[in-house]
Amino acid sequence: GGFRLEHKCLIAAACNGVDISVSFEGGSLQRLPALVTEQGVLHSSSSIARYIAGVRRDTGLLGDSFEQEGEIDSWVCFARESLEIPLCICCYPTRGLWQGSTDAQKYRDSALSEVSAACSAVESRLACSPFLCGEKFTLADIAVLVPLQQSAKEIASLLGKFPRLQAWTKACGSLPAVSRVVRPAPAASKPSPCTKLDKPPPKKIKGCAPPSGCEVLPGPQTFKSNRSALDQLCTRRFFFRPGSEIYGGVAGFFTYGPPGCAIKSNFLQLWRRHFVVEEQLLEIEDTNIMTSQVLTASGHVERFNDFMVKDTKDESKFFRADKLIEEVMQKKIDEATNDAAKTEYQKVMNQADGYSREELMEVIAKYDIRSPETGNPLGEPYEFNLMFPVPIGPSGNQQGYLRPETAQGIFLNYKYCLEQNGNRLPFGVAQIGRVYRNEIAPRAGLTRMREFSQCEIEWFVKPTDKSCAKFADVKHLTLLFHPQAQQLDGEDPIWLTLEKAVAEGIVDNETLGYFIGRVYLLMRKIGVKEQHLRFRQHLPKEMAHYASDCWDCEIECCLGWLECVGIADRSCFDLNAHAQATKEDLQYRETLDPPIVRECVKLSKQGLQDLMKVFGKKGKQVRAWYDSMQKEDPTSFGFFVERVKKAGSVMVAVDCDTNLEFTPSMLQGTETENKKITTLRYTPGVIEPSLGVDRVLFCLWEHCYYARPAEGDEKATRGVLAIPPALAPYKVIILPVDQRISRDARFHDAYRVLRTGLTRRRVAYTLDDAASATIGKRYARNDELGIPYAVTMDQTTFEDGTATLRERDSMKQVRVNLQDLPELVSQLCLGLTDWDECSKRFPANSQ
């Protein structure tokens, strides 16, 4: 009654940079020598595509029982770890099909949708390749499409929409490619998608001891207990409020008030210093509105969707399916009384982001998840595109969208930024700006907004070399990681040094590891507590099809673990997509010094003329295809000739509309010559740290807020926002101790001295001369704004020219000369000195 799908499938793309030869003995993998060619070209005669497509036919490795299916995964692991070759397998499984399933038909649409998306991605890469054999795909890696056996005709029909892919798969002898069905042994019960593990299972390693002070991971109870008071503070002091509030407001839009706006501005300045200045990034500012062509090429128009469910009896109530499941599972975890149940719920919650439509339906049915507001049943999940459409021009005929991310603006201007950087690689481009996503159910304050701020970096690297010289600066850091293996088993995160995480393959490469470390240092610098900061790896089904690895920097808050920064290896997907759509050359040209000499096969002048005659009117397209191949890589035509001789005939897409068959007899007029290779061409890979500013601030305020116990005759506790001075809306508050001082003309003279000194040093300050309130109350109301220092003038100030400098968190005070105060406050805010040093240098205030 049930079945499962295995890896025997259509090969849709190949990896770049390796010549593979394979030897088998007794059906098991014995050795895998590999040679990285100087040009970084995959030898078509022994390509990975040929290896996987023919492995069962040629070696019997994948026999009827399929017991040795893991050999392919072992090969990839060997290639990545032993040979240090940056490979990965991108699998497009037919989600929703697991062992024991009795109804395959209902998953067909989902399967075809996934195959179509994968084919589209590969077609994009093929369009950037001048030929189809000896594929130079700039690390497109290995993409495996798994169609349903019952849908072979539909798959073949679907492939007809992708002429380059169809021609190439014919050349590989892999069309159509249909998965074999393996009948499993009867199962006692139908497994849930919540417990399904993708093959191969992610690598699991043992963590190390946590840093000092992080032995225990406290939960978010403290944050939850403080949230109500913090919300009241943010509203009362106008850190932020709902947008258009006097009209009732609209969910998902917020206005920052003076203190909130100042803190946000200071954070952006700190981010710029931390990344743009220290990493020597180029910063751009692109448009908020993008044309549909841009976002169609990037895949956003088709795939930037979330699954939504509606209340069946009240369709005005709808919810984002994965978030609703996470909330229900968290509640079940809190109420569970045994470890087995907690582990099960944790697995479901961990995988909710990656569930397909069918898996979401199964989870909702299994746990009887209902509308949280009414208790009514929920409808079936359906996709909802998150972009805001915008008509452009008076006629409205040109379709545009508010940008859903700032990254695409960087990719569109990569070519010009490369020129600005002197055509040197690696380099990075940064952008800060507003982005727009039509969230299904915006709520929880700043955590799920429809308009928010993003800080993004696109770091362009050579795809076959993602080493990083500066990784040595961060490799010693011990971070809290939540790798795939621990998530899938419902286990807790583990502490690892970055050095071990990269060495063990948990983090894919040094450049990705370096930016994880830099993000960690930024979070600690702004005041995020270490024991509430972790890095979670995307699960296989959650990860974008083009990404080789992706981690989220998550901060624990009142809502649990909240994703605030994404650090992803996006490979070459975006640049390839835009190159195909615009026909722009976005490849990087690396000059070889010294050059290398290679024996190259080419057509003689007469041989080229004869080949063009064979194809008649299409001869010009053949000539253009041949010239393009010679320009891209002079060694590639030799590999193509070898492929044709071995296969007998090869279909090639010589341009977008023309597929031609080549046979050995057509390629007789060849000759060889030694050619000096001076340049390599490839599309750069991309490492992307993407930070959501508003979420970081939401978590930061929770981490920095605490309630100071009431003193004396006070009835209520006093809230304190202990944010670092670098982020504070004002660095110092200036106060007269009482009304007598504020009315004295000498106070205004002293204030003028302070104001001039602070302004020259660019230290933000404010004055609180509402002396009707006691000095204690005025300290308290400025503590809750996060102002780190207070200068208080009293009668002694007029006598000896000194004033009291108070520190917010310790509430200790010292006496400092007015002339010295601006420089001292500036040094404190810049971190050039600290309060302990000040306490030693200046006398304590005796009053």
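Residues numbered from 1 in each chain as written. Predicted model: local features only at pLDDT ≥ 70, side-chain atom pairs only at ≥ 80, totals over all residues. Heavy atoms only, no water.

**Re the packing of aromatic side chains**
Item 1. Inspection of every chain in the model, using the stated rule, returns 23 aromatic pairs.
Item 2. Ring geometry for Tyr414 against Phe427: centres 6.2 Å apart, planes inclined by 25°, an arrangement best described as stacked. You can see Tyr414 sitting in helix α14 (residues 414–420) and its partner Phe427 sitting in strand β19 (residues 427–436), a full 13 residues away along the chain.
Item 3. Here Tyr414 falls in the buried class, since its relative accessible area comes to 1%.
Item 4. Judged by its relative accessible area of 3%, Phe427 is buried.
Item 5. Connected via pairs of aromatic rings, a cluster forms that spans Phe615, Trp625, Tyr626, Phe637, Phe640 and Phe662.
Item 6. Over the ring of Phe275 we find Arg518, and its NZ or CZ is 5.8 Å from the ring centre. (Phe/Tyr/Trp six-rings, centres within 6.5 Å; stacked < 30°, edge-to-face > 60°. Helix = DSSP H or I, 4+ residues; strand = E, 2+ residues; numbered from the N terminus. Buried < 20%, exposed > 50% of the residue type's maximum accessible area, 1.4 Å probe, protein only. Lys NZ or Arg CZ within 6 Å of the ring centre and 35° of its normal.)

**Concerning the environment of Met290**
Item 1. You can see Met290 is positioned in strand β13 (residues 289–291).
Item 2. Residue classification places Met290 among the buried residues on the basis of a relative accessible area of 4%.
Item 3. Taking the C-alpha atoms as reference points, Met290 and Gly400, separated by 110 residues in sequence, lie 5.5 Å from one another.
Item 4. Excluding residues that lie within four positions of it along the chain, Met290 makes contacts with Leu295, Gly400, Tyr401, Arg403, Gln408, Gly409 and Leu412. (Contact = heavy atoms within 4.5 Å.)

**Focus: the sheet that holds strand β18 (residues 398–402)**
Item 1. One open sheet holds the 3 strands; their spatial order is β13-β18-β17, and the pairing between them is antiparallel. Taken across any chain shown, the strands that pair with only one partner, and hence form the sheet edges, are β13 and β17 (389–392). Across this sheet, the average inter-strand angle for adjacent strands is 40°, counted without regard to direction.
Item 2. As paired strands, β17 and β18 are joined by 4 bridges and run antiparallel to one another. Note that in β18 the partner of Pro391 across the bridge is Gln399. (Pairing = 2+ DSSP bridges. Axes fitted to C-alpha atoms, helices over the stretch in contact; angles between N-to-C directions.)

**A look at the sheet that holds strand β16 (residues 382–385)**
Item 1. The antiparallel open sheet is built from 3 strands, whose spatial order is β15-β14-β16. Looking at which strands have only one partner, the edges of the open sheet turn out to be β15 (318–320) and β16. Between one strand and the next, the sheet's axes are offset by a mean angle of 45°, whatever the strand orientation.
Item 2. Relative to β15, strand β14 (residues 305–310) runs antiparallel, the two sharing 3 bridges. From the neighbouring strand, Met308 faces β15, where its bridge partner is Arg320.

By themselves, these figures tell us nothing about what the structure is for.
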